Every structure is written in C-alpha cells, then in structure tokens.
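Breakdown of the fold
Spelled out, the chains give:
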Number of protein chains: 2
Amino acid sequence: MPAPLRHYNFSAGPAVLPESVLEEAGRNLMSLGETGVGVMEHSHRGKPFVAIIERAEALIRKIANIPDEYAVLFLQGGASLQFAMLPMNFLPDGGTADYLMTGSWSKKAAKEAKLYGATHTACSSEETNFDRIPKPEETTYSDDPAYVHFTSNNTIFGTQFQTEPTPPGDAFLACDASSDIFSRPLDIRKYGLLYAGAQKNLGPSGVTLVVMRQDLLERKCREVPTMLDYKTYVEGRSLYNTPPTFGIYVLMLVLEWIEAQGGLPAIYARNQLKATRLYEYLDESSLFKPAVAKGNGRSLMNVCFVTGDDATDAAFLEFVDQRGLKTLKGHRSVGGMRASLYNAFPPAGVDKLIASMKEFEASR
Amino acid sequence: MPAPLRHYNFSAGPAVLPESVLEEAGRNLMSLGETGVGVMEHSHRGKPFVAIIERAEALIRKIANIPDEYAVLFLQGGASLQFAMLPMNFLPDGGTADYLMTGSWSKKAAKEAKLYGATHTACSSEETNFDRIPKPEETTYSDDPAYVHFTSNNTIFGTQFQTEPTPPGDAFLACDASSDIFSRPLDIRKYGLLYAGAQKNLGPSGVTLVVMRQDLLERKCREVPTMLDYKTYVEGRSLYNTPPTFGIYVLMLVLEWIEAQGGLPAIYARNQLKATRLYEYLDESSLFKPAVAKGNGRSLMNVCFVTGDDATDAAFLEFVDQRGLKTLKGHRSVGGMRASLYNAFPPAGVDKLIASMKEFEASR
C-alpha cells in the first residue's frame, strides 16, 4: 500500500503532528510493543501505561526544565474547563482576579471567573479588534488580585506576548498557553499555573496539560467537586480516574520528537525561521497585508493576513487549496487568511505558501 | 511486517477493542480517507470531522433507538465528572437526590451530590460488600427526590441491574452506564439522563457519552460554569470547544462494528453466551467460586471469582498469564479474579479461559 499523500495542514487546531509520531502510534495500535495488547486497550493502572504517563511527565520536566516544586498534570476538558477551574479553586468570594484582554479566549476565561468573584481588566486591545498586545506600561493591576491571567498566544488574532506580565504583590501568574506551549524556551518560575490544551503543539485534542506550583494548593478557597480540584490530580498523579490514555501516549511521542529536534531552543529557532520568512514576505507584498503590525506582538504560531477584499481572499483560498495548502481560511473575527505554523508544521510548507502567494500575486 | 501477536485482554477498562476498528483507525492516522490530513489532525470545525461526529450521533440514535427528544452528547472527564455535573445542574439547594448504593462508583457519585444538596440512600448492599443488587422491594425512595441515580453495572463487584429502578413522582432516572452501555437493548424512555465513559464498550478513554431528555434543561437549578452546563453541549452540538476528536472517531468505528454485528440484540446474545458459559463452569467447579450468587444480579460484563485462597489465586493468575490470558486480577476490594467480557471481547477467549481453569484445577 503506497503512503497516503499528505497535504500541508495550516489548521489552527487540532493541527498537524509529526509524521514520525503518527507512524509510531500506528505501529502500536494492535500491540503496544510486545505486550500483545494495543496501546488504547491497556488498563491505566497497568505497568505499560504507567510507564507512558511517567515518561511523559519526565520529558516535560526535562524539556522545559520544570523543577519538583511544580506539579505536572494531565487533565481533560480543554483550556475552556481551566477557565472555570482556576477561579473555582483560587478566586475567593469578595476577591478580584486580573485579566489581560488580548482576544476572545481571554474574554471567555474572564467570564467564567465572574461566577466566583470580581474581575479586573488590567489591559485590553479590544477597541482595535485585538490587533496587538498592549505594552507593559498600559497595564494597570487591581490592588490585591488573587492572580493575574493572560493568554500567551492569541490564535484568532495572531498576536503573542513577547515577555510575561509581572503580577503585583502576592498574586500568581496564570497562563493559557494552549497555542504556544513549548514553541520557545519557558521560564516556569515566572508562573504559578500554566495550562494548555494539547491539540496545537502537544498532541491530539482531549488532553490538557497543567503545570502548577504545588504550594498554590494551600490557596484553595472553597469546596469544589473532586474532579475540579487540582489536589485530586496532584495526589493521584493524574490517575484518580481513567485519564485519556491514548492522548497522553501521543503527547509522549510528541515530546520525544521535540527532544530529538534539539529541545525548545531548536524548536524556537525553527519557529522563528518559519514565521519570519512569511512576515518578511507579507511586509513587502503589495497584495497581502499582515493583520498585526511589526512591533505589536506578532505571533510565531498564527500568522494572519488579508488582501482587504473578500472576493480576492476567497479566490486565493481556492488557489492554494488546489495546491495542497489546506485550512488557511482565517477566523471570522478577522477574516482573510491564517497560517498556523505550530511546532510540527514543516518549513517546506511555508516556502510553498510563499511561492503560491507570489504566483497568485503575479497572476492578477 | 508480521501482524503482532494479540493476547486475550480481560482488562476492566480501558479494554479490548475490535481488531477491525484498530485496523481502520490505523489506516486513517496519516490521512483520513483521501483528505491528505490525518484523522487526529483535522480541525473539529472542518467538514471531515463534523461528518464523523454527526455519523457517531446518528449511529447511536439508530442502534439504541434514541428519539429526538433526547440529546446525544459527547463530553470529557469520564463518569467521575458526571458525578458532579448531574447534581450541580439538577439538585437544588434544599433538595434531595436518591442513590441506589451498589458499589464504589455509586458511593463516589453520591459523595459529589452532597456538595449541592441532600442525598438519600434508597437501597444498599454495602453490608455484604456489594455482593448483590438489592431487590425492588428493598428500595425506599425519599418523598420528592430531584432524581434517582443508579449504576447499571458494577465493574468491581460483578453485579448488574436486570431491570431499571422506577423513580417516584416527578423524579427522573439518572444512570451511570459506563460498564454496560450498549451491551444489551436499551429502553431510553425509562431514563432522564444516562452517561457512560467510553473506555469499556464504546472506544478509548477520554470520551463520555451522555444521552439526556432535552426537557431536563428546564430543571437547571443554579448558575454553573459553561463547560459544566449540559445546555452548552446541547446547543453547541458538543462542539462548543474542541472535543476529543480522535476518541469520537474511534467511537464511531465501534458503533459501526456494533451495527455490523447485528445491533444490540445480537451483541446481547453474544454477551449472554460468553458470560453464561463462564458462570456455568464456575457453578460446577470445586476450586473456583463465583463472587456473585445466582439470582443476585450477576453481571454479563464482569465475571468475578475466587478460589478463597490468596496463594492459589496468585498461582492461577501466573498460570493463565503464561497462556496469553491477561489482566485477570480482581479488584482489591474483592480479590481473586475478574474476567471483563465487554462487547469486543471474543468468545474464543472465554473458551480458552475455561479450558485453562480446567487444566489448572486438574493439575492440583
């Protein structure tokens, strides 16, 4: 059977995975190694799966240099469930949490917090349709926030924080890193709690990675259901109930791939190369315009661009689709095009995109 | 490459899947059909995945004869999260929910309800270590419960309800059907809300099927986070946020397999055949004793048995392990052995188990 044709997949998530990961997963569906039982069919309490989840944790600690005072947890429900779990556990009645508003996901996160306490908008770029990351000097915190929350990369609008915000006083920094986790080196000591849905840089959808400073457990401010209590996952090592075993297995394979690429420094260099090449073309093009201006926090993960004319956008999308460049349509909030260039997206796909843009531009 | 050796996998969950399902999943990892994008890599908003989730829902409706007034939902977090979502949405302050206590999972479910209201134990077999399903005449409901909850099959103790409890008054019936969903014909009209983790009869871990009467949404009794509100899944057709796409895909393949087997009547006949063969042997054996007496609600899914001597149990487990019969060790709450015979478990594995038991018995 010939290998199936693979297109370039610019999807914003679930997204492209390394081919070597897919091949390895495929080899273990009927039997994980020599166990005679497929990887999806193993009990989560058995040695083979426990070895997988422990290896996944160890790789995360190694790749991102996560020390023991941080717990590495595997949850379900996506970042959207974290939007609620975070305030449910850590925003006391009468307390305030600060949110940096840089896109739709920040807003959704803040909305869930309002069920439990007050929220303060520390900064916002909503007036200009989230076309930039506000500067540190535009950010004003409340007096004594429980935590400061930000979205490190904004998938829809194509912006990305270049450095972390610095929370005031005793507040901890909470981050939705779903769309740029492990895309660049990470200094976890700046964070209290970082979470990420896996389906962009880490694996398939259905697994949420949470890295949290363990002493935060002492700040839990109300009784919460067992499955919504971070303590359950810390104490049960993410095995209180049946975790998404196959998702964690694929995540482990992706982490092995990241390590084999040279870890986060090498991944970062590759991501810079891919995005820079595309932004440089966009800055020079007379047809395509980048949605985010230089200096406004351009994302290395999601490069958004428009022609300014809907019909031309549609014609371009059709043009590249025929050339095997898939899922380039931008989110309806921005329109135009969005090229998601997550870790596993191959540089050759960027070259092919740029070549196609030039060809399209020349044909007009 | 030769096909890997497959052992007989008696795991209680995650559990054995049909080989044809694993083969089909394997063929679509690199490219879902001719799409040029692997099944795990497709956007949940794209046509190929939307076709998958719609087909999964249609198959569930067809196989289990689910009418339109019921919603078919795909969630995350397992049955354990449902333990909390159910009372959070439907047990009002000052209200009471009735729980039929037939095992550890019933107890865990009731524990979560206590955060929101009162619970009433309608019946319990805890005094005899959950060795039976209490009879309907042993069940006493509270005056006006919000709902009545039961665990249709008790994985750990090997018991299974033969008929549904009948809730009093306006209460609806809620069921954790994780370990016997679609193992026999189902009359959904008896239920208000039925939920099941997928990892026994439906697919891999990480997907929770919820089937609920849509008019129950009107009974929501408090504000809850978006991701813990059933309405979010009904209105968003389980696509409010990124669902576990690969898990839903495998679930769809398992549903296709169930349909190809002849649907629930044929699956039920096969399950009866497998379990009956094993129980008949256990009732006659002088070495092995069934953990659940005849007439006490023996499970077709999990057949528990002991020799009464820990050393003999251990020797037997070693004996069968060498013969490719895996994961037969019982849960520590019961000890001995547990043969989980979910839908996908092949009848030939039961025959091999019985032959090995005879051989072991004769060798003593």
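Residues numbered from 1 in each chain as written. Chains lettered and ligands numbered in written order. Predicted model: local features only at pLDDT ≥ 70, side-chain atom pairs only at ≥ 80, totals over all residues.

Residue and element names in this part refer to chain B. Contact geometry of helix α3 (residues 78–90) with helix α4 (residues 104–113) gives a least axis separation of 8 Å together with a crossing angle of 40 degrees. Here α3 is positioned oblique relative to α4, judged by the angle of their axes. Once α3 is placed against α4, the crossing between them reads as right-handed. Along its contact with α3, which presents F83, A84 and P87, the element α4 presents K108, A109, E112 and A113. When grouped by side-chain class, the residues that make up the contact of α3 with α4 number 5 nonpolar, no polar and 2 charged. (Axes fitted to C-alpha atoms, helices over the stretch in contact; angles between N-to-C directions. Helix = DSSP H or I, 4+ residues; strand = E, 2+ residues; numbered from the N terminus. Parallel < 35°, antiparallel > 145°, perpendicular 65-115°, else oblique. Left-handed = near helix turned anticlockwise from the far one by under 90°. Contact = placed C-beta atoms within 7 Å. Nonpolar A, V, L, I, M, F, W, Y, C, P; charged D, E, K, R; others polar.)

Turning our attention to the domain arrangement of chain A. Many descriptions give the size of an interface as the accessible area lost when the pieces come together. Residues and elements named next belong to chain A. You can read the domains of chain A as domain 1 (25–260) and domain 2 (263–362). Each of domain 1 and domain 2 was reduced to a C-alpha centroid, and the two centroids are 27 Å apart. Each partner contributes residues to the interface: domain 1 has 27 residues there, and domain 2 has 23 residues. For the side of domain 1 that touches domain 2, the class distribution of residues is 10 nonpolar, 11 polar and 6 charged. (Domains from an automatic or database assignment.)

To continue, consider the relation of the copies chain B and chain A. In screw terms, the move from chain B to chain A is a rotation of 180 degrees and a rise of 0.0 Å along the axis, fitting with an RMSD of 0.0 Å. Such a combination of turn and shift is consistent with a two-fold rotation axis. The C-alpha atom lying nearest the rotation axis in chain B is that of G26 of chain B; the distance is 2.6 Å. Most of the interface of chain B is mirrored in chain A: 100% of its interface residues are interface residues there too. (Least-squares fit on C-alpha atoms with pLDDT ≥ 70 in both.)

Quick look at the environment of M212 of chain B now. Residues and elements named next belong to chain B. Inspection of the secondary structure puts M212 in strand β10 (residues 208–213). Separated by 20 residues in the primary sequence, M212 and G192 place their C-alpha atoms 5.7 Å from one another. Beyond its immediate stretch of four places on either side in the chain, M212 contacts Y70, A71, L73, G192, L193 and Y230.

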